[in-house]
Amino acid sequence: MTKSAESRALPADALYRRCNLSEFQFKCTAELAELADFVGQERAAQAVQFGSSIPRQGFNLFLLGPSGTGKFSGVRAYLQKKAADEATPFEWCYVNNFNKPEMPHALKLPPGRGVLLREDMRRLVENLRSAIPSAFESENYTARKHAIEQEVKEQQEKVFEDIQRQASEKGIAVLRTPTGIALAPTREGEIVSPKEFQQLPESEHLRIQAAIGELQERLQSVLRQMPKLEQEGREKTRELNQEVTIFAVGHLIDELRKKHSDLTEIGIFLDEVQADVIENVDAFLATEEHPLAALMGVSFPDGSKGSAFFRRYNVNVLVDHTGNHGAPVVYEDHPTYQNILGQFEYMAHLGAVSTDFNLIRAGALHRANGGYLILDAHKLLMQPYAWEALKRFLRSSQIRIESLGQMLSLVSTVSLEPQPIPANVKIVLVGERFLYYLLSSLDSEFEELFKVAADFEESMDRTRETDLLYARWIGTIARQEELLPLEPSAVGRVIEQSSRMAGDSQKALIHRRKLSDLLREADYWARQAKQSFVRSEDVQRAIDAQVHRASRVRERLLEETVKGTVLIATEGERVGQVNGLSVLDFGNFAFGRPSRITARVRLGKGEVIDIEREVELSGPIHSKGVLILSGFLGARYAPDHPLSLSASLVFEQSYGPVEGDSASSAELFALLSALAGTPIKQSLSVTGSVNQHGEVQAIGGVNEKVEGFFDLCRAKGSLSGQGVIIPAANARHLMLRHDVVEAVAAGKFHVYAVETIDQGMEILTGVPAGERDSSGKFPDGTLNQKVEARLIELAQKRAELARASKSENTP
Amino acid sequence: MSERELRFRIHRILVPVESAPDTMAALEKVVELARKLEAELLGLFVEDINLLRLADSPYAREFLYHSAAEVPISRASMEGKLRAQSERARKTLESAGTHAQVRCSFRTVRGEVVSEILAAASQVDLLAIVKAGSLRQRFRMGPTVLQIAQSAVPVLLLPERGIAPGARVLVRYDGSPSSRQRLVAAAELARLCASALTVLLALAPEGLEHRLEMQKEIDSLLAGYNIDIHHRLVDPMDEQSVPRAIRLEDAGVVVLGHEELLKTHKRIGDLLHGTRTAVLILGNGVPSQAG
């Protein structure tokens, strides 16, 4: 190792930040106090606190951040705690609108009163169904009704008898025919036959004709009176029925009025019920068909007057807060249009579908009225018309139930238009960041309706305090999920792994789902070993098992590299060839993959050709990184000469897209090596991006990349001083595996942190880079001097060729 | 008289039909009765001879019920109307019979209505009359009914609106052979209709010591009928006692004999007018198993 390399090599303890277990003054996590709400999310917690408390329209919440960061669980726990101290909201019921059944009335009732009213009404109808028939079967009623009917019949019969008497006196018969009443002449009680009639004298003919003519007028007059008499009889019967009904019903309904006298709405409803009962008293008199009745001629109850009829007096309690304390916190897991706004169902009856207020079903907004409704933004937006419906509600603050079919004019069956219910619901949307930004930019109403954004962090700083906080969080999850308590060493290992997952030794990942998964797996292994506590070995075993399950592709790639199918050298030196590092990310698992990068140089017009880009396998950021190389070369070397090279760069044996600029430093190293003709050590691998000033910049996935090259070197044989050059800015991100750290400690592997291209080239080639002296020249023998000399040479050749070409073309 | 002979058996029921809508509905209930009794139903439509005579009269006039308008009247039109009535009645009966799987036949006769009905009734075991339409007037509790009661044919007078649900079957019992027959008929009816039976024990005040004896007699006669039986004392000398019992018991069907009818028909007629109580009149005989 050169002196330069030695100074850039990171010590083993810089590669992994251990947790200070001496700070943990507990034997296991069961001793730790529970943590509530949000962990490490101060900004988001303040936003939630503010948004959930401000009683202004439009101040609804959008919780944004990656999934698994505890947004749902945190906000739900917080809101439940907050809501418990708030007032229990009113209940809402739907009752029949007796004048317009298609427009049911909404009743607003104090908590617990809805069910009470429902039961009262059920009992009232039961009582009415027995009290009204009893009243109508009473001796008093029967007698009075009979008297009315008799009166009508007697009146009718009297007028007929008068007619009959008068007719009889004149020798005329009055007979009932299938369609009416007929008059005919008689003789000795028998109707006169045509033959007999012909034999009668003319005077008799005239008499009969006159008599029938006279009777005809009277009969017609009487017939015209009949409907009027019957109508009068019906009117009297109706008045009697009303009187009897009021007598039977009044005291029963009055009891309810008295019981609910504190609520005007119920009083109005009971008035309507009483009027309707009186109007429809026949329904209470139609009884279930008795076998004797069926046998002897009782008609079947009319469908509309059967048991179904009494549904009109039901109370449909949409939201029941009986026994509830505090405001509701509702999470709707399936936020469809119907599940949010509520719906009315239909029922089939004799082949037709119908609906009424009893079939109105509450939606999440009804349940959350007076409290909070938590919704998954992605699920909400996936449901047709749900987002628009929610916005309509937020604008109007009214829950208006409309069927989708009706809204889209797809169905034309009789439907309902329930009275809208005023509602005050704080909506909490939870979703990924991109959804928030998309809605902000594409939906003009969004910012008006969701004024408070709670942006969730993915990680928090690791300090002594936060390590202790993290330990409490681990303990809380273990308790909530009924896992074995963790020993301090296990807690430390979990925290260290959270740093690794955060990709930063100074941070800890606050991703509840990932953390829970790790704890559950560690618990599994601990229970397998019949332990009472989870130890660090269990955590490590869980981590190893997770990696092992996901590492099939990594192992196949390593295998092919070791066998020589994929050409990567880990020993020797080569000009214009360097080992670069990329990361393959499979979502739940990422690993570093070494790639051979080569550069070839010849005379040209100053082009650096990226072959990946030429064949369209390069992403825009990668292409940008390559173009920066031209800028670096042109500015740094032979500034007075045109850049006259044609360089080609390629990721060897790469057959897929390449993206990112983390290989741009490696490409520059290969290019400089090719220009200088100085070989690069193949025992090293490089990662880092570069700018036009030759500064090496931070990249992502540094741990995976280092471990990727480490795994390759180890797979190809014993480790013998190989290493990885990383940007110095990435040193703080290192949380390497224990085996890597141990190899570094043993001097078998190295991690170098560089800030500039010169530092990297010195380590890779063992040759000093060199800096310009007072005369502006690089010292002889240095890398930079060789590069510049080659570029000047190429520029001069190009100038010569240009002159020669010009003289040939001059006549 | 053996128990077998006492069994109330109906094989053929005569039902006079008209085509008025209210009688059509009631007709279906008679069909149901025939089904329960497993009896054959004979529908009878009588073309009233007086109406045909009337139609022949040159000065005859007809005035419609609901408009009082005068319409021409002729024999042809009257016959047409009666035929149409008859056809509707036939179809209704057949339809109801098919639906209930009851054997039905139907015939039309021409003549004086009551006479023709009584003549046809001599061929059957029961005459069922729904008191609706013109039959309501013709079969009032009066001379016509008394005339029927003298025949051997039992007559069931059904109220137009049918019987009130839960109503009881009520019968008077004095130990005489005819009252035994009526008791058994009433019990059979109660069994078929799953109703309770009220037996009016006709015992003079001085004969009350025979009450238990009479009850045992009734129990013996009705052994095997799984029905709820109640007893009520009535004074045989008090003509009001049966009407009073009908009212108090809220009877659905009253089973009466000829003698009782003679004594009480006016009072019972007034009492039952417009109610939903049926009357089963058993004159001089009850159809038996052997019959």
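Position labels on residues start from 1 in each chain and follow its written sequence. Written order determines the labels here, with chains lettered from A and ligands numbered from 1. Under the rules for a predicted model, residues below a pLDDT of 70 receive no local features and side-chain atom pairs below 80 are neither given nor counted, while totals for whole chains, interfaces and linings still include all residues. Heavy atoms throughout the structure, all of them, feed into the side-chain values; hydrogens and water do not.

1. A word on the overall build of chain B
For chain B, the count of helices and strands is 11 helices and 12 strands. Exposure categories follow from relative accessible area, calculated using a 1.4 Å probe and restricted to protein chains: below 20% of the type maximum is buried, above 50% is exposed, and the middle band is partly exposed. By the burial criterion, 54% of the 291 residues in chain B qualify as buried. The contacts of chain B with a sequence gap of at least 6 include a subset with a gap of at least 24, amounting to 80%. In these tables, accessible area is a Shrake-Rupley quantity obtained with a 1.4 Å probe, and a residue counts as shielded only by the protein chains included in the view. Of the roughly 12,500 Å² of accessible surface on chain B, a fraction of 48% belongs to carbon and sulfur atoms. Every helix listed is a DSSP run of H or I at least four residues long, and every strand listed is a run of E at least two residues long, numbered separately from the N terminus. Residue contacts are counted whenever heavy atoms from the two residues lie within 4.5 Å of one another.

2. Quick word on the sheet that holds strand E16 (residues 426-431) of chain A
All names here are of chain A. DSSP calls a pair of strands paired once it identifies at least 2 bridges connecting them. With respect to topology, 5 strands assemble into an open sheet ordered E8-E13-E16-E1-E17, the strand pairing being parallel. Each of the sheet's edge strands pairs with one partner strand only, and the pair in question is strand E8 (329-332) and strand E17 (452-455). Across this sheet, the average inter-strand angle for adjacent strands is 20 degrees, counted without regard to direction. In this structure, E8 lies alongside strand E13 (residues 372-376), joined through 4 bridges in parallel fashion. The residue bridging glutamate 332 from the neighbouring strand is leucine 375, located in E13. Fitted lines through C-alpha atoms serve as axes, helices being fitted only where they are in contact, and the angles separating the N-to-C directions of these axes extend from 0 to 180 degrees.

3. Here's the deal with the sheet that holds strand E30 (residues 749-754) of chain A
Residue and element names in this part refer to chain A. Strand order in this open sheet of 7 strands is E23-E24-E22-E21-E26-E29-E30, and the pairing throughout is mixed. In this open sheet, the two strands that pair with only one neighbour each are strand E23 (607-610) and E30. Strand-to-strand, the axes of this sheet are offset by a mean angle of 30 degrees, without reference to chain direction. Sheet topology note: the strand E26 (residues 684-686)/strand E29 (residues 722-727) ladder contains 3 bridges and is parallel. What sits directly across from valine 686, in E29, is isoleucine 725. Contacts from helix H26 (residues 702-716) reach strand E21 (577-585), strand E22 (590-603), E26, E29 and E30 within the one sheet, and its direction differs from that of E22 by about 85 degrees. Packing of helix H29 (residues 783-809) onto the sheet brings it into contact with E22 and strand E24 (645-651), and relative to E22 it is tilted by some 40 degrees.

4. Here we look at the packing of aromatic side chains
Residues and elements named next belong to chain A. In this scheme Phe, Tyr and Trp rings, the latter by its six-membered ring, pair at centre separations within 6.5 Å, and the angle between planes marks the pair as stacked below 30 degrees, edge-to-face above 60, and tilted otherwise. Within the structure shown, the criterion is met by 25 aromatic pairs over all chains. A ring pair is formed by tyrosine 436 and phenylalanine 446, whose centres lie 5.4 Å apart and whose planes are at 75 degrees; its orientation type is edge-to-face. Of this pair, tyrosine 436 sits in helix H16 (residues 433-442) while phenylalanine 446 sits in helix H17 (residues 446-449), placing them 10 residues apart in sequence. No difference in accessibility class separates tyrosine 436 from phenylalanine 446, as the two residues are buried. An aromatic cluster is present here, built from Phe62, Trp387, Tyr436, Tyr437, Phe446 and Phe450 joined pairwise through their rings. Here, over-ring charges are defined by two tests on the NZ atom of lysine or the CZ atom of arginine: distance to the ring centre within 6 Å, and angle to the ring normal within 35 degrees. Across the ring face of phenylalanine 59, the terminal group of lysine 451 is positioned such that the distance to the ring centre comes to 5.8 Å. Over the ring of tryptophan 525 we find arginine 541, and its NZ or CZ is 3.9 Å from the ring centre.

5. Focus: the pairing of strand E1 (residues 12-16) of chain B
Residues and elements named next belong to chain B. Most of E1 is tucked away, with 4 of its 5 residues classed as buried. The pairing of E1 with strand E2 (residues 40-48) spans 5 bridges and is parallel. The residue of E2 that forms the bridge with isoleucine 13 is leucine 41.

6. Quick notes on the pattern of salt bridges
Residues and elements named next belong to chain A. Each reported salt bridge corresponds to a side-chain nitrogen of Lys or Arg within 4 Å of a carboxyl oxygen of Asp or Glu. The full count for this structure, using the stated rule, is 66 salt bridges over all chains. Aspartate 276 serves as the salt-bridge partner of arginine 312, at 2.8 Å between the closest nitrogen and oxygen. With a gap of 36 residues between them, arginine 312 in the loop between helix H10 (291-296) and strand E7 (316-319) and aspartate 276 in helix H8 (residues 264-279) connect regions that are remote in the sequence. Here arginine 312 falls in the partly exposed class, since its relative accessible area comes to 21%. By relative accessible area, aspartate 276 is classed as buried at 7%. Shared partners join several salt bridges into a network, and the residues in it are Arg500, Arg554, Glu704, Glu707, Asp711, Arg714, Arg737 and Asp739.

7. Some thoughts on the packing of helix H7 (residues 202-259) of chain A against H8(A)
Residues and elements named next belong to chain A. With their axes 10 Å apart at the nearest point, H7 and H8 run at an angle of 160 degrees to one another. Between H7 and H8, the angle is such that the two are roughly antiparallel. Remark: the crossing between H7 and H8 carries right-handed chirality. Two secondary-structure elements touch here, H7 through Gln242, Thr245, Ile246, Val249, Gly250, Ile253, Leu256 and Arg257 and H8 through Leu270, Asp271, Val273, Gln274, Val277 and Ile278. Classifying every residue of the contact of H7 with H8 by side-chain character gives 8 nonpolar, 4 polar and 2 charged. Should an angle fall under 35 degrees it is called roughly parallel, over 145 degrees roughly antiparallel, and 65 to 115 degrees roughly perpendicular, with every other angle called oblique. The crossing is said to be left-handed when, going from far helix to near helix, the turn is anticlockwise and less than a right angle, and right-handed when the turn is clockwise. Side-chain classes are defined by residue name, with Ala, Val, Leu, Ile, Met, Phe, Trp, Tyr, Cys and Pro counting as nonpolar, Asp, Glu, Lys and Arg as charged, and the others, Gly among them, as polar.

8. Examining the side chain of A:Thr561
Residues and elements named next belong to chain A. Position of threonine 561 among the secondary structure elements: in helix H22 (residues 552-563). Only 2.7 Å separates the side chain of threonine 561 from the backbone oxygen of leucine 557, close enough to count as a polar contact. Excluding anything up to four places from it in sequence, threonine 561 contacts Val566, Ile568 and Leu712. Definition of a polar contact: a pair of N or O atoms within 3.5 Å, with one able to donate and the other able to accept a hydrogen when the atoms are protein atoms, and with sequence-neighbouring residues admitted only if both atoms are side-chain atoms.

9. Thoughts on the layout of surface pockets
All names here are of chain A. Using protein atoms alone on a 1 Å grid, points that fit a 1.4 Å probe yet trap it form a cavity, whereas open point sets bounded by protein on both sides within 12 Å along at least five of seven lines form a pocket; residues with an atom within 4 Å of a point count as lining. Grid points are joined across faces, edges and corners, and a volume is the space filled by probe spheres set on the points. By volume, the second largest pocket amounts to about 1,400 Å³. For the lining of the second largest pocket, the secondary structure elements donating two or more residues are helix H19 (488-502), helix H20 (512-528), helix H21 (536-550), E21, E22, H26 and helix H27 (738-745). It is H21 that provides the largest number of residues to the lining of the second largest pocket, a total of 7 residues. Looking at the lining of the second largest pocket, its residues break down into 17 nonpolar, 15 polar and 17 charged.

10. A word on empty space enclosed by the protein
Residues and elements named next belong to chain A. Taken as a whole, this structure holds 5 cavities of 30 Å³ or more when the rule is applied. In this model, the largest cavity occupies a volume close to 120 Å³. What lines the largest cavity is simply Arg554, Leu557, Leu558, Thr561, Val566, Phe591, Gly592, Arg593, Pro594, Gly708, Asp711 and Leu712. Elements that contribute at least two residues to the lining of the largest cavity include exactly H22, E22 and H26. In terms of residue class, the lining of the largest cavity is made up of 6 nonpolar, 3 polar and 3 charged.

11. Some points on the confidence of the model for chain B
Residue and element names in this part refer to chain B. What pLDDT expresses is the predictor's confidence in each residue, scored from 0 to 100. Mean pLDDT over chain B stands at 78; residues scoring 70 or higher make up 78%. Per-element confidence in chain B is highest for strand E5 (residues 104-111), whose mean pLDDT is 91, and lowest for helix H1 (residues 3-6), whose mean pLDDT is 44. Below pLDDT 50 for its whole length, residues 1-6 participates in 9 contacts with residues either more than four positions away or in separate chains. Two numbers describe this predicted complex: its pTM, 0.66, and its ipTM, 0.72.

12. Considerations on a nonpolar patch on the surface
Residue and element names in this part refer to chain A. Together, Phe434, Leu438 and Leu442 give the surface a local cluster of nonpolar side chains, amounting to about 330 Å² of exposed area. Inspection of the secondary structure assignment puts leucine 442 in helix H16. Owing to a relative accessible area of 68%, leucine 442 belongs among the exposed residues under this scheme. Patch membership requires over 30% relative accessible area and the absence of a salt bridge. Like charges are linked within 9 Å, and nonpolar side chains (Val, Leu, Ile, Met, Phe, Trp, Tyr) within 5 Å.

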